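Topology and contacts: notes
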Amino acid sequence: MARVVKVFRTLRNHWKKSTFAVCVLSYGGHWLYGKHCDQVMRTEACLEAREYGRQQIAPQEQLRKATVILNPAACGGKANNLFEKNAAPILHLAGVEVTIVKTDYEGQAKKLMELMEHTDMLIVAGGDGTLQEVVTGLLRRPDQEKFSQVPIGFIPLGSQNSLSPSLHLLSDNKVKHITSATLSILKGETIPLDVLQIKGEKEQPVFALLGLRWGAFRDAAATISKYWYLGPLKTKAAHWFSTLREWPLVREASVSYLAPSLRPPDEPLQKPPRPNLLSRIARRLKNYWSPPVEEPPKVEEPEKWMEQQLSTLELMIKTHNKNPVEMRINDSLMICAEPDDLTVGEFITVGDKKEEDPTLFTKKSTQLEVGACRLQLPEDTSGFYNIDNEEYEAMPVEVRLLPRKLRFFISAERRDQLLAQTQ
């Protein structure tokens, strides 16, 4: 008992050191517990992947080939370590023949896609920039019709992974997010996504999965990192300082657009079985004795472009890929324009919300559902677009929709969640 009393007396007499030691031990224990939980999640994911690797294949079958485009510079240079620890073991245990191609500089992924040979699946390991480069390089190929049939997996390793909420279960734990995304690739369930073709007057087209963003909110968001020392107030500060430099931050633009087209039914993933020999012979004899009447060729009607002048704080042209399982009548893209009469306080409040979800728009915004659009800017316009969170110089562009152009792997659980939201 005397020893216990002596210990408490010592702790009381050196309470500063004792408090510091308790804080260090608590933080260390929490850190070690977090590492243990991460290792448990990795182990469970590897055990699940091993079951796929134990499945028998026929003698004439070959292992599935996967080409991984990995950007080691993503997530502040941590992407390579994240991939090697959390995703690579799952792919190898599943019996997939993996070819990993690492990018060395910005824009290299586009060039690598020109050289890519046949593969059973394409996996993008990085963030928004890597994904946008891969999609652009893939759809610029002369044989893009063939390669656009290759299913694409997205492993979110970047600081910005805007497409990930449409495909994977949301999680604050980085390890869980990466392992669940990798497992969804092995499970093989895919969903078609729309693609935007954005073409300037001279440049090659750029392709986007989410959309194009231009305006005052985008410009203010680009300066948020400068105010890192303000902590949670940095977003509000960036928008407030932007109003001090110039106000109002109104953008003028002319938008020409086409009406949306009806969405055809989804094509079956598997081709129907070929009819038997007797059925094929009977069909040929029927066509021989009573040939089908040829329909006259359809005369293509000229495109009817409609024009509208917009005065806005921000303009966004976006796809419906935020919820890709939603049933839609039309194949269309959305033009959203914020009103130009927001007060400074409203500008700061809305900008703070847009930092969490850039696709969020106010109730007073102008929204148009169109099939294609042309964006004309005044001659003295400067600034930048955000195309899938990548900066491009602002210029007149034509935006076309490529409906259901690419197929991406999706988590079945996330698909069910998105379906529940639409009901």
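Residues numbered from 1 in each chain as written. Predicted model: local features only at pLDDT ≥ 70, side-chain atom pairs only at ≥ 80, totals over all residues. Heavy atoms only, no water.

1. Regarding the pairing of strand S17 (residues 390-393)
Of the strand pairs in this sheet, strand S16 (residues 384-387) and S17 are connected by 4 bridges, and their pairing is antiparallel. When the bridges of S17 are listed, Phe384 appears paired with Glu393. The loop that links S16 with its antiparallel partner S17 comprises 2 residues; one of these, Asp388, has a positive phi angle of about 50 degrees. (Pairing = 2+ DSSP bridges. Helix = DSSP H or I, 4+ residues; strand = E, 2+ residues; numbered from the N terminus.)

2. So, the pattern of salt bridges
Under the criterion given, the structure shown has 19 salt bridges. The residue Glu189 makes a salt bridge to Arg415 at a minimum N-O spacing of 2.0 Å. In this pair, Glu189 is assigned in the loop between helix H9 (174-187) and strand S5 (190-199) and Arg415 in helix H14 (residues 412-422), connecting sequence segments 226 residues apart. Since its relative accessible area comes to 26%, Glu189 is described here as partly exposed. Across the pair Asp416 and Arg415 runs a salt bridge, and its minimum N-O distance is 2.9 Å. By relative accessible area, Asp416 is classed as partly exposed at 40%. (Salt bridge = Lys/Arg side-chain N within 4 Å of Asp/Glu carboxyl O. Buried < 20%, exposed > 50% of the residue type's maximum accessible area, 1.4 Å probe, protein only.)

3. A short note on the packing of helix H5 (residues 108-115) against helix H6 (residues 128-139)
Their axes nearest at 8 Å, the elements H5 and H6 cross at an angle of 35 degrees. Considering how the two elements wind past one another, H5 and H6 form a crossing that is right-handed. Note on element contacts: H6 touches H5 through Glu133, Val134, Thr136, Gly137 and Leu138, opposite Gln108, Ala109, Lys110 and Met113. (Axes fitted to C-alpha atoms, helices over the stretch in contact; angles between N-to-C directions. Left-handed = near helix turned anticlockwise from the far one by under 90°. Contact = heavy atoms within 4.5 Å.)

4. Some words on the packing of aromatic side chains
Evaluated as defined, the whole model comprises 7 aromatic pairs. Relative to Tyr229, the ring of Tyr227 lies with its centre 6.5 Å away and its plane at 65 degrees, an arrangement referred to as edge-to-face. In this structure an aromatic cluster arises from ring pairing among Tyr227, Trp228, Tyr229, Trp240 and Phe241. Lying across the ring of Phe361, Lys354 places its NZ or CZ 3.7 Å from the centre. One Lys or Arg, Arg374, reaches over the ring of Trp305 and ends 3.9 Å from the middle of that ring. (Phe/Tyr/Trp six-rings, centres within 6.5 Å; stacked < 30°, edge-to-face > 60°. Lys NZ or Arg CZ within 6 Å of the ring centre and 35° of its normal.)

5. Observations concerning unusual backbone geometry
Glycine aside, residues mostly have negative phi, and peptide bonds are mostly found in the trans state. Of note, the amide linkage connecting Trp247 to Pro248 takes the cis form, showing an omega dihedral of 0 degrees. Of note, Pro248 is situated in the loop between helix H11 (234-245) and strand S8 (251-258). In this structure, Cys75 is a non-glycine residue whose phi angle is positive, near 55 degrees. Locating Cys75 in the fold gives a position in helix H3 (residues 74-77). Residue classification places Cys75 among the partly exposed residues on the basis of a relative accessible area of 23%. Positioned with a positive phi, Arg404 is a non-glycine residue whose angle comes to about 50 degrees. Secondary-structure assignment places Arg404 in strand S18 (residues 397-409).

The analysis is restricted to geometry; functional conclusions fall outside its scope.
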